[in-house]
Structure formats: C-alpha cells, structure tokens
Amino acid sequence: MSAAAATGPGGPGSSGTVAAVDLGATSGRVMLGHVGPGELRLVPVARFPNTPVRTPDGLHWNILELYRSILAGLSGAARQAPQLSSIGIDSWAVDYGLLRQGRLLGAPFHYRDERTAAGVEAVHATVPFADLYRANGLQFLPFNTVYQLATERDAGMLDVADTALLVPDLIAHWLTGERVAEATNASTTGLVRAGEPTAWDTELLTRLGIPSAILPALVQPGDRIGTLLPAVASEVGLDASTPVTAIGSHDTASAVVAVPMLSPDAAYISCGTWGLVGVELEHPVLTEASRAANFTNEGGVDGRTRFLHNVMGLWLLSESVRTWERGGETIDLPGLIAQAAAVTAEVAVFDANDPRFMTPGDMPVRIAAYLSEHGRPVPRSRAEFVRSIIESLAQAFADAVHTASELSGVDVRTIHVVGGGSQNALLCQLTADRAGIAVVAGPVEATALGNVLVQARAVGIIGGDLESMRALVAASFEPTRYEPRPSRGSAAVSR
C-alpha cells in the first residue's frame with residue numbers, strides 16, 4: 001500500500017501537527033509530529049532525564065519532575081505549533097500512582113524496586129501461575145502490576161486509595177482532570193483477560209482482594225480522554241479546547257504501530273532499556289508451551305495482540321557504563337562499541353535474562369560472577385565486556401524470535417529492530433548472524449511515531465488501518481539492512 005493510502009478525510013493537501021509525550025525508563029521527550037498526505041516528520045522539542053530516586057522505603061520515579069518537564073516541553077511545542085491538533089502520552093508499563101480524592105499518595109514505585117517478592121508469593125498462593133496465565137496471558141515478571149498491587153493491599157494502601165492510575169493515565173489526569181485507563185497499557189497489569197481489552201477482570205480482582213473501584217474505565221487508542229484544564233492550558237500556552245487523545249500508551253504498543261512491517265512474515269524487536277521481541281497476531285496464544293517459554297500476550301492498537309518476550313535489553317550496557325563512570329571517568333560509549341566490534345578474542349555468551357541482572361548495581365561484577373559460576377572466560381577489558389553483553393543480547397534476541405515463530409506459526413523472514421538499539425550496528429549485525437535472518441533497523445523514534453500516527457488518525461488528519469500507517473513510516477524513513485553473515489569476526493562461548 002502506498003503512503004498516500006494513509007491520507008484522511010481532509011483530502012489532498014490537508015495536514016496537521018500533534019504533540020507526542022514519550023516517557024522512557026531513562027529519559028523523556030516531547031516531540032511534534034507533522035503529518036499529511038505522504039508526510040510524516042518528527043521535530044524534537046524537549047528531552048529530559050528520567051532519574052529514579054531512592055528513599056528509605058524503596059526506589060521511586062520522580063514523577064513531579066517528569067510532569068514539570070512535560071509542561072515545559074508542551075510550552076515549547078505551543079510556541080512552535082500554537083494550533084496543535086492533539087496531545088498523546090506514552091510511557092513504560094506496569095507502574096502507577098495511587099490517589100485519594102485527587103491527591104497523589106506518594107511517588108510511584110519503580111518496577112525495579114525489590115518490594116514485590118512478597119506480592120508474587122501472595123498472588124500465586126491464591127491463583128497459581130498456570131491459572132493466572134490462562135486468564136491474562138502474561139509472562140511472569142515479578143514487577144507486573146498485579147504483584148505490585150498485592151503488595152499495596154498487604155500494606156493497607158488499597159484501603160486508603162480511591163484510584164490507581166498507570167503512569168501515562170496519571171499524566172493525562174493532571175492535564176485534563178479525567179480518570180481513565182488506556183487499554184494497551186492496562187493489558188500489561190495482569191488484571192485484564194487476554195484478548196478482551198474492554199473491561200477489567202473483576203473475578204480475578206475479587207479473588208485477589210483488589211478493589212475494582214480503584215480502577216477507572218478502560219478507553220481504546222484513538223478515544224478522546226478530554227481537553228486541557230484551563231490552568232494547564234494557560235501555563236503551556238495552548239487553547240483549553242486542545243484534546244488529549246488516548247494512543248497506545250504502553251510505549252511498546254506505540255512502537256509496534258510504527259514498525260514498517262509490510263508483510264505478515266516479520267518479527268519486531270523494540271530495543272531500548274528492554275528488548276521486546278515478538279510478532280503481531282490477531283489473537284492471543286495461551287498454550288502451555290507459550291507459558292513455559294514465558295511469552296506474553298499484550299494488547300495492541302486496533303485490537304491486535306503483541307505476542308512477545310521481554311529480554312533484558314540495553315539496560316545491561318547502560319548499567320555497566322554507570323558503574324564504570326562512578327569513579328568520575330566519562331565513558332565514550334560509541335568508541336567503546338567500536339572497540340568491541342574489533343574484538344577477536346573469545347568472549348563468553350551468558351543468559352541475558354538471568355534475574356540477577358534485574359536491579360541496579362555493579363553489572364560488570366554480576367556478569368563476571370555469572371561467567372565464573374558457569375566455567376566461562378571472564379572478559380579482561382571493557383571492550384570485551386561490551387562485546388560479551390552485545391553477543392549475549394543478540395543470542396537472546398535470536399532465541400526469542402525463533403521461539404515466537406514456533407509458538408505462533410508465523411514464518412519469520414525479516415526482523416525489524418526499532419528504537420535506540422536500531423542505532424547499534426554491532427547489535428543489529430550480530431542479531432542477524434545469530435538468527436540467520438535479515439535485520440531491518442529503524443526508525444529510531446518508533447514510539448513517538450506510533451504515538452503521532454494514532455493521534456493523527458483520531459483527529460482526522462489521516463485515515464486508514466495499521467498497514468497503511470506502516471506504509472507511511474516505510475516511505476518516510478530509510479532503514480538499514482543487515483544480512484546474516486556465514487561467520488562472525490570473533491569467537492563466542494555458547495551459554
């Protein structure tokens with residue numbers, strides 16, 4: 001389908017501008033999206049760090065600083081595009097704020113906080129994981145919202161709160177005053193039945209003692225959440241009639257919208273802090289084999305299912321760099337990756353999904369301990385550590401692609417890598433090598449693009465289905481293609 005198929009009811013020559021608020025686990029951004037017939041452009045307005053804060057009770061998101069940065073970003077957007085057609089918000093999944101009578105009860109916990117182990121035990125004592133998987137289709141991750149809320153329940157917080165809002169819904173509430181839960185993000189909580197994104201699973205909530213009254217009504221991508229509160233509109237310099245539109249507010253849901261998959265025989269890797277590896281399906285896969293492989297079924301835009309597996313992702317690399325920089329040294333990461341690409345010595349491949357790598361800390365020490373325990377050579381230099389990390393991620397990505405293919409029946413012929421990881425040529429090439437499948441890398445800002453496209457369709461700037469929106473992405477951004485090589489430049493010890 002040509003890019004022109006994505007033009008909407010405004011007819012030839014119609015165009016518009018929307019703002020995408022895109023919050024990642026390490027940084028946030030506000031971007032303007034200019035959309036029209038055959039046109040899709042992003043203009044960065046503001047970028048800001050997203051740095052968690054540890055207090056005596058645990059690790060938290062600095063949500064007020066994020067909101068301040070969002071408002072400043074929207075002010076910048078308003079100066080560039082005072083007739084903004086819409087605002088959309090996406091973020092990482094599972095985390096939330098608890099409110100009472102509109103007041104936030106505390107800074108939202110970070111999903112890497114260690115507090116949820118007791119919640120996992122409490123949930124599984126009531127609902128065994130096999131039963132939970134048949135209901136919600138989610139892979140086991142100890143930070144899923146269902147476990148976090150069980151922890152809150154046992155701490156008495158659910159007796160105090162009257163509302164729980166996932167992070168993008170909390171930001172939308174502060175912008176509009178409305179309380180909703182966007183369906184793609186809600187599907188990551190474990191409290192929505194797989195493939196049924198229109199209502200909370202009240203039976204499961206009752207069994208777990210989580211009051212359904214704290215969860216607001218679900219809305220779908222493309223629904224209007226509300227318009228700006230007068231005080232917000234005045235602060236950012238926009239008209240109070242400016243709508244805030246629900247998009248695929250789980251950042252991976254938005255990213256998958258903008259994966260330029262022009263045929264169904266493709267897998268995707270949305271690669272940033274996490275590597276989300278999977279395929280897009282019409283229906284969830286709830287087999288025992290899928291549960292055993294720890295694959296998840298999350299809601300996608302237009303009722304699609306994102307059948308995927310979470311791989312630890314570039315967190316392994318960024319946390320290693322943070323460790324090396326604690327002594328005051330500045331690390332040139334691109335230079336270090338270039339050195340890693342030149343490594344010819346044997347490097348070990350480790351299990352990138354080992355739970356020991358989940359929490360913040362000295363990642364190189366943890367990797368070295370893993371390798372020593374498994375009788376594998378420990379890297380002798382930072383370049384070798386980076387090469388070992390990237391080889392291990394590539395192997396984990398390749399394994400997940402092949403498992404997704406086997407479990408879903410999709411004959412994967414192409415792997416699309418989007419997000420920050422698409423800029424890592426070594427990672428893309430090694431993924432192609434290890435999977436034996438061509439990798440197509442880009443666009444980098446897939447999440448913001450998916451956010452923009454769903455908004456643009458909702459307000460009538462464009463029309464069409466997911467395939468036509470992806471065709472517009474493919475026509476607007478030139479990818480980089482990596483063909484699998486028969487042999488790699490360095491040896492690797494298998495895990």
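Coordinates for the structure precede this section.
Rules used in this analysis
- The residue numbering used here restarts from 1 in each chain and proceeds along that chain's sequence as written.
- Where local features are concerned, this predicted model is filtered to residues with pLDDT of at least 70; where side-chain atom pairs are given and counted, the filter is 80 or more; whole-chain, interface and lining totals use all residues.
- As a rule here, side-chain values cover all heavy atoms of the structure and leave hydrogens and water aside.
- By the criteria applied, helices consist of DSSP H or I runs no shorter than four residues and strands consist of E runs no shorter than two, each listed in order from the N terminus.
- As defined in this context, the radius of gyration uses C-alpha atoms, and a globule is described by 2.2 Å times the residue total to the power 0.38.
- Type-normalised accessible area, obtained with a 1.4 Å probe on protein chains alone, sets the label of each residue: buried when under 20%, exposed when over 50%, and partly exposed for intermediate values.
- In what follows, residue pairs with any heavy atoms lying within 4.5 Å of each other are defined as contacts.
- Only the stretch in contact is used when fitting a helix axis, every axis being a line fitted to C-alpha atoms; angles between N-to-C directions are given from 0 to 180 degrees.
- Any angle that is under 35 degrees is reported as roughly parallel, and any over 145 degrees as roughly antiparallel; angles of 65 to 115 degrees are reported as roughly perpendicular and all others as oblique.
- Residues are grouped as follows: Ala, Val, Leu, Ile, Met, Phe, Trp, Tyr, Cys and Pro are nonpolar; Asp, Glu, Lys and Arg are charged; all remaining types, including Gly, are polar.
- A pair of strands is treated as paired once DSSP finds two or more bridges between them.
- Cavity and pocket criteria rest on a 1 Å grid covering protein atoms alone: a 1.4 Å probe that fits but cannot get out defines a cavity, protein on both sides within 12 Å along at least 5 of 7 lines defines an open pocket, and an atom within 4 Å of a point defines a lining residue.
- Grid points are joined across faces, edges and corners, and a volume is the space filled by probe spheres set on the points.
- Here, nonpolar core refers to any group of buried Ala, Val, Leu, Ile, Met, Phe, Trp, Tyr and Cys residues whose side-chain atoms link them within 4.5 Å.
- Side-chain atoms alone can form a polar contact between residues adjacent in sequence; in general such a contact is a pair of N or O atoms within 3.5 Å, and within protein one must be able to donate a hydrogen while the other accepts it.

### Brief notes about the overall build of the chain
No. 1: Within the chain one finds 17 helices and 22 strands.
No. 2: Here the C-alpha atoms of the chain give a radius of gyration of 22 Å, agreeing with the 23 Å that 2.2 N^0.38 yields for 495 residues.
No. 3: Along the three orthogonal principal directions, the C-alpha set of the chain runs to about 60 × 55 × 50 Å.
No. 4: When the 495 residues of the chain are sorted by exposure, 61% land in the buried category.
No. 5: Counting only contacts in the chain whose residues sit at least 6 apart along the sequence, the fraction spanning at least 24 positions is 73%.

### Quick word on the packing of helix α2 (residues 117-126) against helix α4 (residues 145-154)
The geometry of a pair of packed helices is captured by two quantities: the angle between their axes and the separation between those axes.
No. 1: Relative orientation of the contacting elements α2 and α4 amounts to 95°, with a least axis distance of 8 Å. Between α2 and α4, the interaxial angle falls into the category roughly perpendicular. Touching Gly119, Val120, Ala122, Val123 and His124 of α2 are Val146, Tyr147, Ala150, Thr151, Arg153 and Asp154, all from α4.
No. 2: Class assignment of the residues belonging to the contact of α2 with α4 gives a composition of six nonpolar, three polar and two charged.

### Some details on the sheet that holds strand β9 (residues 163-166)
No. 1: Reading across from one edge, β8-β7-β9 is the order of the three strands in this open sheet, with antiparallel pairing throughout. Only two strands of the sheet have a single partner each, and these edge strands are β8 (103-104) and β9.
No. 2: Both strand β7 (residues 96-100) and β8 contribute to a ladder of two bridges, which runs antiparallel. Paired with Leu99 across the two strands is Leu104, which belongs to β8.
No. 3: Docked against the sheet, helix α5 (residues 167-176) engages β7, β8 and β9, running at close to 105° with respect to β9.

### Thoughts on unusual backbone geometry
No. 1: Cis peptide bonds are those with omega within 30 degrees of zero, and the linkage from Gly442 to Pro443 qualifies with 5°.
No. 2: Tracing the chain through its elements places Pro443 in the loop between β20 (438-441) and α16 (446-458).
No. 3: For Val94, which is not glycine, the phi dihedral falls at a positive 70°.
No. 4: Within the element layout of this structure, Val94 appears in the loop between β6 (87-90) and β7.

### Digging into the sheet that holds strand β21 (residues 480-482)
No. 1: Pairing is mixed in the open sheet, where seven strands are placed in the order β16-β17-β15-β14-β19-β20-β21. Two strands bound the open sheet, and with one partner strand each, they are β16 (296-299) and β21. Pairs of neighbouring strands in the sheet enclose a mean axial angle of 30°, with direction left out of account.
No. 2: With three bridges connecting them, β20 and β21 associate as antiparallel partners.

### Details of empty space enclosed by the protein
No. 1: With the rule as written, the count across this model stands at two cavities of 30 Å³ or more.
No. 2: Quantified by volume, the largest cavity comes out at close to 90 Å³.
No. 3: Together, 13 residues line the largest cavity, and Ala164, Leu166, Thr189, Trp200 and Leu215 are the ones closest to its centre.
No. 4: Put simply, the parts of the chain that give the lining of the largest cavity at least two residues each are α4 and β9.
No. 5: Considering every element that reaches the lining of the largest cavity, the biggest residue donor is β9, with three residues.
No. 6: For the lining of the largest cavity, the residue count by class is 10 nonpolar, two polar and one charged.
No. 7: Volume-wise, the second largest cavity comes out at about 60 Å³.
No. 8: Taken together, Ile89, Pro168, Asp169, Ala172, Glu182, Ile225, Val244, Thr245, Ala246, Ile247 and Ser249 make up the lining of the second largest cavity.

### Description of the nonpolar core
No. 1: Ranked by internal contacts, the top residues of the largest apolar core, which has 135 residues, are Leu175 and Leu316.
No. 2: Looking at this core element by element, the count peaks at 12 residues for helix α14 (residues 382-408).
No. 3: Each residue touching Leu175, except ones within four places of it in the same chain, is listed here: Tyr67, Leu71, Leu74, Ile89, Thr227, Leu228, Leu229, Val232 and Val244.
No. 4: Ranked by size, the runner-up nonpolar core spans 28 residues in total, among them Val123, Tyr133, Tyr147 and Leu215.

### Re the pairing of strand β15 (residues 275-281)
No. 1: Within β15, seven of the seven residues are buried, leaving the element largely enclosed by the surrounding structure.
No. 2: Here strand β14 (residues 266-271) runs beside β15; their pairing, made up of four bridges, is antiparallel. What sits directly across from Ser270, in β15, is Leu276.
No. 3: Counted along the chain from β14 to the antiparallel partner β15, the turn is three residues long.
No. 4: Bridge count for β15 against strand β17 (residues 305-311) is seven bridges, and the pairing is antiparallel.

### So, the packing of helix α12 (residues 333-341) against α14
No. 1: One way to put it is that α12 packs onto α14 with a least axis distance of 8 Å and a crossing angle of 80°. Comparing the axis directions of α12 and α14 gives the class roughly perpendicular. Here Leu336, Ile337, Gln339, Ala340 and Ala341 of α12 lie close against α14, whose contacting residues are Arg382, Ala383, Val386, Arg387 and Ile390.
No. 2: Broken down by class, the residue content of the contact of α12 with α14 amounts to seven nonpolar, one polar and two charged.

### Focus on the side chain of Asn136
No. 1: For Asn136, the position within the fold is in helix α3 (residues 129-136).
No. 2: Take Asn136: its relative accessible area is 3%, and that puts it in the buried class.
No. 3: Within the local environment of Asn136, its side chain forms a polar contact with the backbone nitrogen of Leu138, the two atoms lying 2.9 Å apart.
No. 4: A polar side-chain atom of Asn136 sits 3.1 Å from the main-chain carbonyl oxygen of Gly190.
No. 5: Setting aside residues no more than four positions away along its own chain, Asn136 makes contact with Gly190, Val192, Ala194 and Asn297.

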